[in-house]
Amino acid sequence: MPIDAQWLKSLETIAQSAARYCPLPVRLDGQDLLREDWLKGAETIIEQDGVRIGIYRNYLHRHFSPSINFHGVTVASLLPTVAEKDRHWAAKIDIVDAPELQLVLPARKEMVENGALQSLRAAIRLAIYRHIQALGSHRLAFADWREAADLDVQLPEARGELFSWTPAVADYNSGSGHQHLTSTDDLVLIDDFGPPLEQCAAFALSKDGRYEGRLAESDEAMVGYGWYDRLPRITDLRFEIDKGARRLCSVGRTFPVSTAARSSDWISC
């Protein structure tokens, strides 16, 4: 029976794709096909329970991207990730000898959702936290820090760093200004008040040297850390305007366009 010519043309490409992450050598026309490690580029690799777990820093992983190598067949699977303020952790899996981890047949395009896969996901999350522990410092959200502790991974508190405060602007496409990370020594947190109030507050606070370089963005993800909860915080702003013989004070978190626009926004001081 003659071999289809089109099939012959694509044979080498198909064979190379099948061999790329295969654990066994593959030969075509007497030549070994190129293979590479599925976990190439991993920051660390943990071998346990018949799998190799590769941990990646700032790896761009989408839910539809292949993340598990099943003896040469790569499939997508939703695996845990852990995000810090300045880095992101993800994982890829190379299955070596784990018979309870299975592919859905006959398509072989996804993993069977079973207890073994759930255990693998738990192992990945634990491996990521242990890797962060080995690095010595972190900027995890407090909730993730607590989760690591529940998994018996003892971490120090997150580094005391916050973004410097810049007043909000009405054009939300213009970026966040010239923010930079700063140590929390002697910082003052400032709540979100919206562009009108914050622009006015920035002008007023710039006239008071006590706050120069000390204002920082509040970050609710850090609530719970001792260093964060101890920081003083600006939770309210009040403006006084002299209008002839009257002195008016702003009310609430809105700032009217003019003192005559809405009398409910102002009271006599």
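As the structure is a computational prediction, the values presented were derived from the model and not from experiment.

Definitions and limits used
Residues numbered from 1 in each chain as written. Predicted model: local features only at pLDDT ≥ 70, side-chain atom pairs only at ≥ 80, totals over all residues. Heavy atoms only, no water. Pairing = 2+ DSSP bridges. Helix = DSSP H or I, 4+ residues; strand = E, 2+ residues; numbered from the N terminus. Polar contact = N/O pair within 3.5 Å; in protein donor to acceptor, adjacent residues only side chain to side chain. Core = buried A, V, L, I, M, F, W, Y, C linked by side-chain atoms within 4.5 Å. Buried < 20%, exposed > 50% of the residue type's maximum accessible area, 1.4 Å probe, protein only. Contact = heavy atoms within 4.5 Å. Phe/Tyr/Trp six-rings, centres within 6.5 Å; stacked < 30°, edge-to-face > 60°. Expected span 1.5 Å × (residues − 1). Arc of directions from axis to C-beta.

Student: Would you take a moment to explain the sheet that holds strand E11 (residues 188-190) for this structure?
Tutor: By way of backbone hydrogen bonds, the strands of a sheet pair with one another, either parallel or antiparallel. Overall, parallel pairing links the three strands, which are arranged E12-E11-E13 in an open sheet. On the outer flanks of this sheet lie strand E12 (215-217) and strand E13 (233-234), each paired with one strand and no other. By the bridge criterion, three bridges tie E11 to E12 in an arrangement that is parallel. By the bridge assignment, Leu189 is partnered in E12 with Ala216.

Student: What's the story with the environment of Gln118 in this structure? I'm lost.
Tutor: Mapped onto the elements of the fold, Gln118 is located in helix H2 (residues 115-135). Residues Gln118 and Leu79, spaced 39 residues apart in sequence, show a C-alpha to C-alpha distance of 9.5 Å. One polar contact links Gln118 to Glu113, side chain to side chain, over a distance of 3.5 Å.

Student: Sorry if this is basic, but what is going on with the pairing of strand E6 (residues 73-76) here?
Tutor: Within a regular strand, side chains alternate between the sheet's two faces. Here four bridges tie strand E5 (residues 66-70) to E6, and the two strands are oriented antiparallel to one another. Considered in E6, the bridge of Ile68 is made with Val75. From the end of E5 to the start of E6, which pair antiparallel, there are two residues, and His71 there has a positive phi angle of about 55°.

Student: Just to check I follow, could you spell out the nonpolar core for this structure?
Tutor: Nonpolar side chains in soluble globular proteins tend to be buried together. If you look at the biggest cluster of nonpolar residues, it comprises 41 residues, and the most contacted ones within it are Ile93, Ile95, Leu101, Met111 and Tyr225. Looking at this core, the elements that each hand over two or more residues are strand E4 (51-57), E5, strand E8 (88-95), H2, helix H3 (142-150) and helix H5 (226-229). Among all residues touching Leu101, those that are not within four sequence positions of it are Val51, Phe70, Ile95, Met111, Ala116, Leu117 and Leu120. Ranked by size, the runner-up nonpolar core spans 12 residues in total, among them Ala201, Ala202, Leu215 and Leu237.

Student: Can you walk me through the packing of aromatic side chains in this structure?
Tutor: Each pair of aromatic rings is reported with the distance of its centres and the angle of its planes. Under the criterion given, the structure shown has six aromatic pairs. Plain terms: the ring middles of Trp145 and Tyr225 are 5.6 Å apart, the flat faces sit at 65° to each other, and that makes the pair edge-to-face. Here Tyr225 lies in the loop between E12 and H5 and Trp145 lies in helix H3, a separation of 80 residues in the sequence. The two residues Trp145 and Tyr225 agree in class, both being buried. A network of ring pairs unites the aromatic residues Phe142, Trp145, Tyr225, Trp227 and Tyr228 as a single cluster.

Student: Whenever I open this one, unusual backbone geometry confuses me. Can you help?
Tutor: In this structure, Pro106 follows Leu105 across a cis peptide bond, with omega equal to 5°. Positive phi is not limited to glycine here, since Asp49 has a value of about 50°. Mapping Asp49 onto the fold places it in the loop between strand E3 (44-48) and E4. In this structure, Asp152 takes a positive phi of about 65° despite not being glycine. One can find Asp152 in the loop between H3 and strand E9 (161-163).

Student: What should I look at first to understand the pairing of E4 in this one?
Tutor: In terms of burial, E4 is largely enclosed, as six of its seven residues are buried. Strand direction decides the pairing type here: E3 and E4, joined by five bridges, are antiparallel. Following the sheet pairing, Ile46 is matched in E4 by Ile53. The antiparallel hairpin formed by E3 and E4 contains two residues in its connecting segment, where Asp49 sits at a positive phi of about 50°. Here seven bridges tie E4 to E8, and the two strands are oriented antiparallel to one another. Directly across from Ile53, in E8, lies its bridge partner Ile93.

Student: Whenever I open this one, helix H4 (residues 195-206) confuses me. Can you help?
Tutor: In an α-helix, one turn spans 3.6 residues, which is why side chains three or four residues apart end up on the same side. Helix length check: H4, at 12 residues, gives a terminal C-alpha distance of 16 Å against a target of 16 Å (1.5 Å per residue), a fit within 8%. For H4, the full list of buried residues reads Pro195, Leu197, Glu198, Ala201, Ala202 and Leu205. The arc enclosing the buried residues of H4, seen along the axis, measures out at 155°, which places them on a common side. The inward-facing, buried residues of H4 abut E11 and E12.

Everything listed here is a matter of coordinates, which is why it stays silent on function.
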